[in-house]
Structure formats: structure tokens, C-alpha cells
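# A closer look at the structure
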Amino acid sequence: KVAAMVRYFGAAEADDAAWAVYFLTGRKPKQVVPTKKLRAWAAEAAGVSDWLFDESYHAVGDLAEAMALLVPDAGATSDRPLREWVEERLLPLRTADDASQKAALLAAWAELDTRQRFVWNKLITGAFRVGVSQLLVTRAVAEVTKADPAAVAHRLMGDWQPNAAFYRHLTGEDAADGNVSRPYPFFLATPLEGGPEALGDAADWFAEWKWDGIRSQLVRRGGQTFIWSRGEELVTDRYPEVKAAGDRLPDGTVLDGELLPWGPAGVRPFADLQKRIGRKTVDKKLLAEVPVVLLAYDLLEWGGRDVRAEPMAWRRERLEELVSGRAGDVSPASLPADTSTAVVARGAGRLGGFTPPARLGDLRLSPLVVAETWDALAAVRTEARDRNVEGLMLKRRSSPYRTGRVRGDWWKWKVQPFSVDAVLIYAQRGSGKRASLYTDYTFGVWDAGKLVPFAKAYSGLTDSEINKVDAFVRKHTVEKFGPVRTVAPELVFEVGFEGIQRSTRHKSGIAVRFPRILRWRTDKKPPDADTLDAVKALLPGVENEANEPQSHGGHGAKSNTEKPGGIVLKQ
């Protein structure tokens, strides 16, 4: 993948390369033509009826590709540069009327061969997705231009315009960053498989709770405060209380942390935060109902200096001083030249208890979870769900703050997911390479003798299992409505999920987070699946009064919690 991008960037003009970087890193302009109109105009150009277009689309699983294949090939091909297609052909469609949009699309389709139409359609639909990460794009650009990969990664963060000037800045030797608001690339943890014993001595590691919120960076530069989400979205105006705390920080400070809903008892469920996600403006009522804090756990810039290369222990101590208000001189001259000696963070947490984090307004310090051994830490980890957290984070005390997902220094040790035995009741075809297979499933649990849908999932099965389920769906379809098939309720699966909450929008009265298939329970029959009451018993604050399982003949929904020496299934 890197080699392909190197070949492209090595030959592309700067303005074309800028747009390529824009799309390859996941950015995209807002869809300029509604999908309904695209489908109608493509069907008309192809001379097919609506039902045949729909069948073709479902067979292919991708709208842009289906349109590219259906619209007749005019035998033409285009050598116009990417910049011209985007700036002179695509973006002007935003303000064009229907007739002008249709004429422009038909003209473009007539100029392009099938593969070019496919890419053009992807840009039109706003669904341009590629199998490369931003880290790989950074590597390719740096390799071609001999630029510093760290500088390239930093310059790709935040707001920028895809033009020749930006591309020259992206690949230039001058490390100065002209964008005062720009965040740093996020360091991402790797899932820990198995226990932490292989990591060595527990004393070499910091442990923190793995918070369930929005990963963010708070940037204070040039007398201004900026809040960036991990998705590189500027969300400052959505969290005014956090911005107010940031306004009190010294200039030249960048923090990494988590935006969390917070109450008198501490962190609140993620469902509360969802009430504020997506709100461009927040009124006083919502601010009062769902207060949000930034729980900071790392310091990336200090006194205007990039300190990511300093040891985690050093960064942690500076962060404690900052949040507690004990920070003194933070000018670059005050920073030691050699900070390689690890410093143990002080008084940030204790085994078996919880020390409220230090705070600066609505900016707080993520507390450490202190334990002398891995077994002791594993025991503390069993408290995660009660604290509305997902498990533990393990960070090497001597580690720098890296870019992207780099194995070795940061690990996420999550608790086992909730799990429910459920029955397959609906199926729908997948997309892309799975467009001809039934891979999107809806599962139900028992309620008053009937199966009630409670979750959808499409991942977790092997290719062989997918083929078997697909064959079952085709042979045991009871009813069709649109692309969805109702199937005979005969297959049982164990469905896992990370969180559960009440919901008035779902028939079951609950909603689950990140559902996926854990395994196909070929050893179980539909009557063995769980009941809705057993699933609701997993809701926060709900105690199951019965000591016996409440499933429809099965073993009950499970909240799996690891303890040293094995797995305890808590009902």
C-alpha cells in the first residue's frame, strides 16, 4: 500500500497530491447530490427500471460501483487532473439546481471509463473509503519527500485546505507550525490479550481506569482554547465548561484526555454524554442536566514545547502540578535538558478505594490505580463496571507519547463483555464483498413467550459459518419486507456487547453498545435463549433478586468479570 502511494505522490502535482491526501486520510466533502436523485438519474441513463436497479445495487452492495457498472460505457477516458475534477466539476454542484446537476453528472459519466466513473461516483456520494490508515499515508508522503514523519503527522491534524500551498508546507523542512489550533496525532493503545504478566514488573507501569467517553485534546495557544476530538473534529463550542477551564491554562499547553459526563458521584454513563454529542450549541438546561468535564491523563505540550518524547512519568508529574495549580514557571527555559529519569506520580489513587481527581474547574486529573502486583490490580479491575468504566489502561512509565497504534507501551485491559444467548430472527445482505451474502443479523430474546428484537450484529463469524448461515436464511425465509428477511427462529448465537441502557426508541426497551457475535451456539435450541428480563437485569443499578437463572430455560444473561484464577459469571 505504501509503495502504491509512493509511486503516486512521486509523480503527482502538488495540488493533485493535496486532494489525494485529503481523501486518503478519510476527509470528504459533504455529499453534493442526494442519493435518491443519483439512483434515479443512473437508472435512467442505464435504461433500467427502478426494481432492476435496486436488485443490481443489492447484488453489488455499493451504490457508486453499481452506478458505474450500469451506466453504459461511452468508450471515453479522461486525463483531467484530480484537482480539476474536484474543484471545477464536483464542488460547484453544491449550488446547482436539479437540471444543472443532472446534466453535469451525465456529461461526466460520458467522459469517463468504468473505473474512473467508479471513483467519481465515490466522490459524489461522499462514501470514498480506502484500506489505508493515516499512518500509512504519513509514511508514504514522508518517504517521497524525505520529510520528517512526525512533522507530517502533526501537520495532517486539524483544519487544513487541500491545495498546493498546504502540500508544500506538509512536506517542507521547516518544523514550525503556523496553525495555532492544531492538535497532535493521538497515541492509541493496543488490546491486551491474556493477562499482563508478560509485561514484566508491575512497578514499571502506570494503571488508570479506561474511561468511556470522547477522547480529546485541549489546546491552549495564542491566548485561545481549542478542543479537538480524536476524529479531528473541533468541538470547542459544544463543551463551554471545559473551554472555560482551558482558558485558565498557561499558554503553550496541550492536554490529552477524555470528555466525560460528570456528577456528584463521579463519572456518569456514556448514554448521558450522547445527549450532548452532535449538538452544535448547548443551552443552559442541557448544561445543567449533563455537565461535562475533561479528565486529563497526559501532557503533550508544556510552555510551548513539544514534550511527547519525555518519559510518561515526567509528563504525569507535570500534569499533576498543572491541574492541582502547583505549576510554577513553564517557560521553555525552565524545562530541564535531561528528563530521562522516571518520576513516580504522587497521591493519585489507592488500592481498593477511589481518590477524587484533582481539578482545575471542569478540568480534572485522571487518577492512577495503584497496586503492587498484577494479581492485586486484577482484583481492582473487577470494579470497573461499577465505576462506569471499561477496564484498565496500562502505560509504561518510561514511554514517550507515540503516534498512532504502536505496540508495546500502552495497553487497554478491558473487562469481558456482557453476553446474551439470542435467536436469529431477521437477516439482511451485507455490503462490499459480502453484498451477495446474508451477513447482517437481528437477534431476539424471549418476552412473554415471543421473541423481541434487542440487538443487531454483523461481525464475529468465520467465512465458513457465514456461508452456512446464508444458506439457512435462503432456505428458511418466512417473510420478506424490502431487503430484510424474517427467518425461522432456529439458530442461537451468543451475542456480546460493551454497554447497556434503557431506550424508548427500541421495542425491547433497551439499547446495547458495540454488539458482535461471540459464537454460534450449535449446542443450544431456541427455548434455551435468554429472556428480556434477564437482559434487563444487566442494566446499571438493577439487582437480580433471584439466585437462579431467569432465562427461558438457559443460563441467563451474563456479565463476565475476570478474577485471578478464572472467570466468574455474575448474574
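Conventions used here
Residues numbered from 1 in each chain as written. Predicted model: local features only at pLDDT ≥ 70, side-chain atom pairs only at ≥ 80, totals over all residues. Heavy atoms only, no water. Helix = DSSP H or I, 4+ residues; strand = E, 2+ residues; numbered from the N terminus. Buried < 20%, exposed > 50% of the residue type's maximum accessible area, 1.4 Å probe, protein only. Contact = heavy atoms within 4.5 Å. Pairing = 2+ DSSP bridges. Axes fitted to C-alpha atoms, helices over the stretch in contact; angles between N-to-C directions. pLDDT = per-residue confidence, 0-100.

## Focus: the overall build of the chain
Regarding its fold elements, the chain presents 18 helices and 25 strands. Out of the 571 residues belonging to the chain, those deemed buried represent 51%. Put simply, of all contacts in the chain between residues at least 6 apart along the chain, 69% involve residues at least 24 apart.

## Focus: the sheet that holds strand β12 (residues 389–396)
Strand order in the open sheet made by the four strands is β2-β14-β12-β3, with mixed pairing throughout. With one partner strand each, in any of the chains shown, β2 (190–191) and β3 (205–211) form the two edges of the open sheet. Of the pairings in the sheet, the one linking β3 to β12 comprises six bridges and is antiparallel in character. For W205, the partnering residue across the bridge sits in β12 and is R396. Against the sheet, helix α15 (residues 312–324) makes contact with β3, β12 and β14 (410–414), and its axis sits at roughly 60° relative to β3, the strand it touches most. Of the strands in this sheet, β3, β12 and β14 touch helix α16 (residues 374–381), which is tilted by about 55° from β14.

## Regarding unusual backbone geometry
Positive phi outside glycine occurs at N388, with the angle close to 60°. Looking at the secondary structure, you find N388 in the loop between α16 and β12. With relative accessibility at 26%, the residue N388 sits in the partly exposed group. If you check the backbone angles, F514 has positive phi at about 50° while not being a glycine. Locating F514 in the fold gives a position in the loop between β22 (510–513) and β23 (516–520). Taking relative accessible area as the criterion, F514 reaches 48% and is therefore assigned partly exposed.

## Some thoughts on the confidence of the model for the chain
The predicted model of the chain has a mean per-residue pLDDT of 84, with 87% of residues at 70 or higher. Note that pLDDT drops below 50 for residues 327–357; the model gives that stretch 56 contacts with residues more than four away or on any other chain. Per-residue pLDDT stays below 50 along residues 561–571; that stretch engages in 27 contacts with residues further than four places along the chain or on separate chains.

## Brief notes about helix α6 (residues 82–90)
Every α-helical turn comprises 3.6 residues, leaving residues that sit three or four positions apart pointing alike. Buried within α6 are the following residues: R83, E84, W85, V86, R89 and L90. Its buried side turned inward, α6 meets α2 (14–24), α7 (98–111) and α8 (114–125).

## Digging into the pairing of strand β20 (residues 492–497)
Most of β20 is tucked away: six of the six residues are buried. Taking every second residue as pointing to the same face, both faces of β20 are buried, with V492, E494 and G496 on one and F493, V495 and F497 on the other.

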